[in-house]
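Structural overview for review
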Amino acid sequence: MTITNGLCSLSDVKSAMNIFDSTDDSRLELAVEAASRMIEADCNRRFYQDAGVSARIYSALSGVLVLTDDISTTTGLIVKTDTGFDGTFDQTFASTDYQLEPLNGIVDGQSWPFTQIRAVESLTFPYSRTRAVVQVTARWGWSAVPTAVKQAAIIQSISVFKSVEAPFGALGLPDTGILRIRSGLHPSAAMLVAPYRRDAVLVA
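Residues numbered from 1 in each chain as written. Predicted model: local features only at pLDDT ≥ 70, side-chain atom pairs only at ≥ 80, totals over all residues. Heavy atoms only, no water.

1. As for the overall build of the protein chain
Just so we agree on the cut-off: The helix count covers DSSP runs of H or I at least four residues long, the strand count covers runs of E at least two residues long, and both are numbered beginning at the N terminus. Residue exposure (1.4 Å probe, protein chains only): buried if accessible area is under 20% of the type maximum, exposed if over 50%, otherwise partly exposed. Two residues form a contact once any of their heavy atoms are found within 4.5 Å. Under the convention used here, a 1.4 Å probe and the Shrake-Rupley method define accessible areas, while residue burial counts only the protein chains that appear.
In terms of regular secondary structure, the protein chain is built from four helices and eleven strands. Evaluated residue by residue, the protein chain yields a buried proportion of 41% over its 204 residues. Contacts in the protein chain between residues far apart in sequence, at least 24 positions, make up 73% of those at least 6 positions apart. If you sum the accessible surface of the protein chain, you get close to 11,000 Å²; carbon and sulfur atoms cover 52% of it.

Structure (structure tokens):
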């Protein structure tokens, strides 16, 4: 199979496992694909970049702040609001009307996607208890997989690949006896991706 939006590559996993033949390539690719989606589900975000822009609508937290999914670039970014609460996004914000955060796209010295939009001039975001009234057109995701996430994907891919040797959740080892397979992410993978976990945003 072909890996789609993998957080690591087949060669990354084979190198970590000291595998030099192609006998298990299909199973390893499947493990990478599964591990990548497991990590993204755990973090509630995607670590790859969409090919193009698309529109999503959000509920504002206040008149000046909207939380969004990960915005990978300012290229093609459009912010609109539904001032009439009728499903028509009739007001377009100029780039000077809002501020993208985290500022400079940096968190703890690391490149980071933008995750919220703050109104900074005279325009504000409408607020509704029943309707999402902010439309954001953007290229979603991360422009590159963070190093820690890539390493977690390698570890998790190996764990998924090895799990077929323990179909009932336990693996017998000559030196250590019975080893029980954990559900969810491998502990080391979970530790590596912990800083990247986020809560779901109010998106329609």
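Here the narrative resumes.
2. Considering the nonpolar core
Rules: The criterion is simple. A nonpolar core is a set of buried Ala, Val, Leu, Ile, Met, Phe, Trp, Tyr and Cys residues joined through side-chain atoms within 4.5 Å.
By size, the foremost hydrophobic cluster in this structure holds 25 residues, and its most contacted members are Leu-28, Ile-39, Phe-47 and Tyr-196. Broken down by secondary-structure element, the contributors of at least two residues to this core are helix H1 (10-16), helix H2 (25-43), helix H3 (147-162) and helix H4 (187-193). Sorting elements by how many residues they give to this core places H3 first, with six residues. Excluding residues that lie within four positions of it along the chain, Phe-47 makes contacts with Leu-7, Ile-39, Glu-40, Trp-142, Ala-144, Val-145, Pro-146, Val-149 and Tyr-196. Counting residues in hydrophobic clusters, the runner-up holds 19 residues, among them Tyr-58, Ile-71, Val-79 and Ala-138.

3. Structural notes on the environment of Trp-142
Positionally, Trp-142 belongs in the loop between strand S9 (134-138) and H3. Each C-alpha atom of the pair Trp-142 and Gln-49 lies 5.1 Å from the other, and the pair is 93 residues apart in sequence. Here Trp-142 is in contact with Arg-45, Arg-46, Phe-47, Tyr-48, Gln-49, Asp-70, Ser-72, Ser-111, Trp-112, Pro-113 and Tyr-196, once residues within four sequence places are set aside.

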